[in-house]
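# Descriptive structure summary
Letter by letter, the chains look like this.
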Amino acid sequence: MLGVLITLAVVAVVAYCVLKNYYPPIILLIAGFVMLICAAVMGTPPMAPEKSTHFFGFDLGEAFTALMRSRLPGLGLNIMLIAGFSVYMDRIGASRALVKLCVRPLQAIRSPYVLLAVTYIVGQFMALFINSAVGLGLLLMASVYPLLVALGVSRASAAAVIGSTCCLDLGPASSNAMRAADLLKTDVVTYFVQDQIPVALCVIATVAIGHFFVQRWFDRRDASKLSAEGAGEKQDIEKAFEGAGPVHYAFLPMLPLVLLIVFSPMVYAGVKLSLQTGIIVSIVIAFLVDLITRRGFKDCCKRTEAVFEGMGKVFTSTVSLICCAELFAMGMNKLGGVSTLISAAASMEGAGVWVMLLIMLAIMVVATVVTGSGNAAFFAFSPLLPEAAASVGINAAVLAVPVQLSAGIARTMCPIAGVIIAVSGIAGITPFELVRRTVPVMVLALIVNVLASAALL
């Protein structure tokens, strides 16, 4: 019980610090060390005897070093390569070409709230290929946002839909999906097709319909403000596509997904292709297409610099946060607070499965809202999923899929998430005004996420 109380106290302090804009990785790192020290006082050392340095102070550092060693060569490198490819696609104009291709048909829709719903669906589709929630949000704010406002939708409604277009981390290029597939001991393409897609389709339909009704209700309630805030909002949408590559560039961001699906056990198992190799091959193909199209070897070489810029940037923003969050989770596990909750759920006959699912969802949602990162939260607590599923005798996918998807859903409800801050800033509203409109829809998404997982998996 003492472990639970210490855990709750530390989580409260971490939440306060993050909301006060302290640098999240170092706050999580310090909190993790504090909990490891408390656990050691209570009789649980940070390192197993065979791995100990034989000095407690060094063991604390060794615990973090071990996490870094395990993450950087595998999933850490995957995340960095995905980010590098994404930044390269933006640099050569391929991302804008994809958005331009997808957005054009939206201009034929004249009903503003139908357009809102369709915008979410199209945006979620594009999120399969544009892996940065912030990057996709900014592209849609530059392209679709003016169209939505011109049709009479409020700035807040338009921003709420655009801010939620990456609320589901789907596809083989999603780092959370890769982590979940590892836990389920399957390949990421199989996990995407067999486990993610059936549940995701139900959630996507729910979010689209939810935005239609929720944003319309908010706009009607705030009708007195709409005429004033909409004045002068109409913009030239063509400006959003400045720098877009030729139309065939729109297919370049899709290359990794296509390669991974084609050369997978589900399609053609004769050739084995890892995610890392698939992205490298996609970068080479994109470079050759760019070279043939623009015929400037020196400039094409210069644009590949974006790959390494993206890799470095995501290391400081995401990979470091994931490693620090995992140390934070290790501290919680050593204290025994989370294991106490899991044991309590496992002891409940009949209701144990649902209680376990709700406990894991609660942990994931709270961790995501506290850190502002769905990746950090899922990587930190996902190792608990197989043990939790086994303790109540269910298929691990029944826990892994809804918990993995809930991390992205919860991020859309977090006022300190990068995409929420970026989108609300462009729309001229506060992040809290934005999440006030996303929370009702995301709560519906969480409910359907759980029910669909229980029914379909």
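As the structure is a computational prediction, the values presented were derived from the model and not from experiment.

The next point concerns the overall build of the protein. Secondary structure assignment for the protein yields 21 helices and 0 strands. Relative to the 2.2 N^0.38 estimate, which gives 23 Å for 457 residues, the radius of gyration of the protein is 22 Å and therefore close to what a compact globule would have. Reported as C-alpha extents along the three principal axes, the dimensions of the protein are approximately 65 × 55 × 40 Å. Classification of the 457 residues of the protein by burial places 56% in the buried group. Taking all contacts inside the protein whose residues are at least 6 apart in sequence as the whole, residues at least 24 apart take part in 79%. Carbon and sulfur atoms make up 68% of the accessible area of the protein, which amounts to about 18,900 Å² in all. Each charge sign in the protein was given a centre, from 29 positive and 23 negative side chains, and these centres are 6 Å apart.

Further remarks concern the environment of Leu60. On the secondary structure map, Leu60 appears in helix α3 (residues 56-91). It is 6.8 Å that separates the C-alpha atoms of Leu60 and Phe33, two residues lying 27 residues apart in sequence. Apart from residues lying up to four places away in sequence, Leu60 is in contact with Phe33, Leu36, Ile37 and Pro46.

The next subject is the side chain of Asp59. For Asp59, the position within the fold is in helix α3. Engagement of the side chain of Asp59 in a polar contact is seen with the backbone nitrogen of Thr53, the distance being 2.7 Å.

Together, Leu2, Leu5, Leu8, Ile37, Val41, Met42 and Phe56 make up an exposed nonpolar region whose accessible area comes to about 670 Å². Elements that contribute at least two residues to the nonpolar patch include exactly α1 (2-19) and α2 (24-41). If you tally residues by element for the nonpolar patch, the top one is α1, at 3 residues. Here Ile37 is to be found in helix α2. The partly exposed category is assigned to Ile37, whose relative accessible area is 37%.

This part covers the packing of aromatic side chains. Within the structure shown, the criterion is met by 6 aromatic pairs. When the ring of Phe287 is compared with that of Phe297, the centres are 6.4 Å apart and the planes differ by 75°; the resulting orientation is edge-to-face. Residue Phe287 is found in helix α12 (residues 275-294), and its partner Phe297 is found in helix α13 (residues 297-303); the two are separated by 10 residues along the sequence. Residue Phe287 is classed as buried on the basis of its relative accessible area, which comes to 17%. Looking at Phe297, the relative accessible area reads 53%, which means it is exposed. Each residue in the set Tyr113, Phe212 and Phe213 is aromatic and connected to the rest through ring pairs, giving one cluster.

The next subject is the pattern of salt bridges. Taken as a whole and judged by the stated rule, the model has 7 salt bridges. Among the salt bridges present, the one from Arg411 reaches Asp169, with a minimum N-O distance of 3.9 Å. Taken together, the positions of Arg411 in helix α19 (residues 396-411) and Asp169 in the loop between α7 (155-163) and α8 (175-183) put the pair 242 residues apart, joining distant regions of the chain. The pair formed by Arg411 and Asp169 is uniform in burial state, with each residue classed as buried. Residues Asp290 and Arg294 are paired through a salt bridge, measuring 3.0 Å at the closest nitrogen-oxygen approach.

As a further point, take the confidence of the model for the protein. Taken residue by residue, the protein gives an average pLDDT of 82. The fraction at 70 or more is 91%. Considering only residues more than four positions removed or in separate chains, one finds that residues 230-234, a stretch of pLDDT under 50, has 4 contacts.

Quick look at the environment of Ser86 now. In this fold, Ser86 is placed in helix α3. Here Ser86 falls in the buried class, since its relative accessible area comes to 13%. Each C-alpha atom, one on Ser86 and one on Leu19, is 29 Å from the other, the two residues being 67 residues apart in sequence. Leave out the neighbours within four places in its chain, and Ser86 touches Ser95, Asn131 and Ser132.

We now examine the state of the cysteines. Within the structure shown, the criterion is met by 0 disulfides. Between Cys17, a free cysteine, and Cys324, which holds the nearest cysteine sulfur, the sulfur-to-sulfur gap is 14 Å. Take Cys414: it sits in no disulfide, and the sulfur closest to it among the cysteines is that of Cys167, at 14 Å.

What counts and how
Residues numbered from 1 in each chain as written. Predicted model: local features only at pLDDT ≥ 70, side-chain atom pairs only at ≥ 80, totals over all residues. Heavy atoms only, no water. Helix = DSSP H or I, 4+ residues; strand = E, 2+ residues; numbered from the N terminus. Rg over C-alpha atoms; globule rule 2.2 N^0.38 Å. Buried < 20%, exposed > 50% of the residue type's maximum accessible area, 1.4 Å probe, protein only. Contact = heavy atoms within 4.5 Å. Areas by Shrake-Rupley, 256 points an atom, 1.4 Å probe, with all protein chains shown as cover. Lys, Arg positive; Asp, Glu negative; His and termini not counted. Charge placed at Lys NZ, Arg CZ, Asp CG, Glu CD. Polar contact = N/O pair within 3.5 Å; in protein donor to acceptor, adjacent residues only side chain to side chain. Patch = residues over 30% accessible without salt bridge, like charges linked within 9 Å, V, L, I, M, F, W, Y side chains within 5 Å. Salt bridge = Lys/Arg side-chain N within 4 Å of Asp/Glu carboxyl O. Phe/Tyr/Trp six-rings, centres within 6.5 Å; stacked < 30°, edge-to-face > 60°. pLDDT = per-residue confidence, 0-100. Disulfide = S-S within 2.5 Å.

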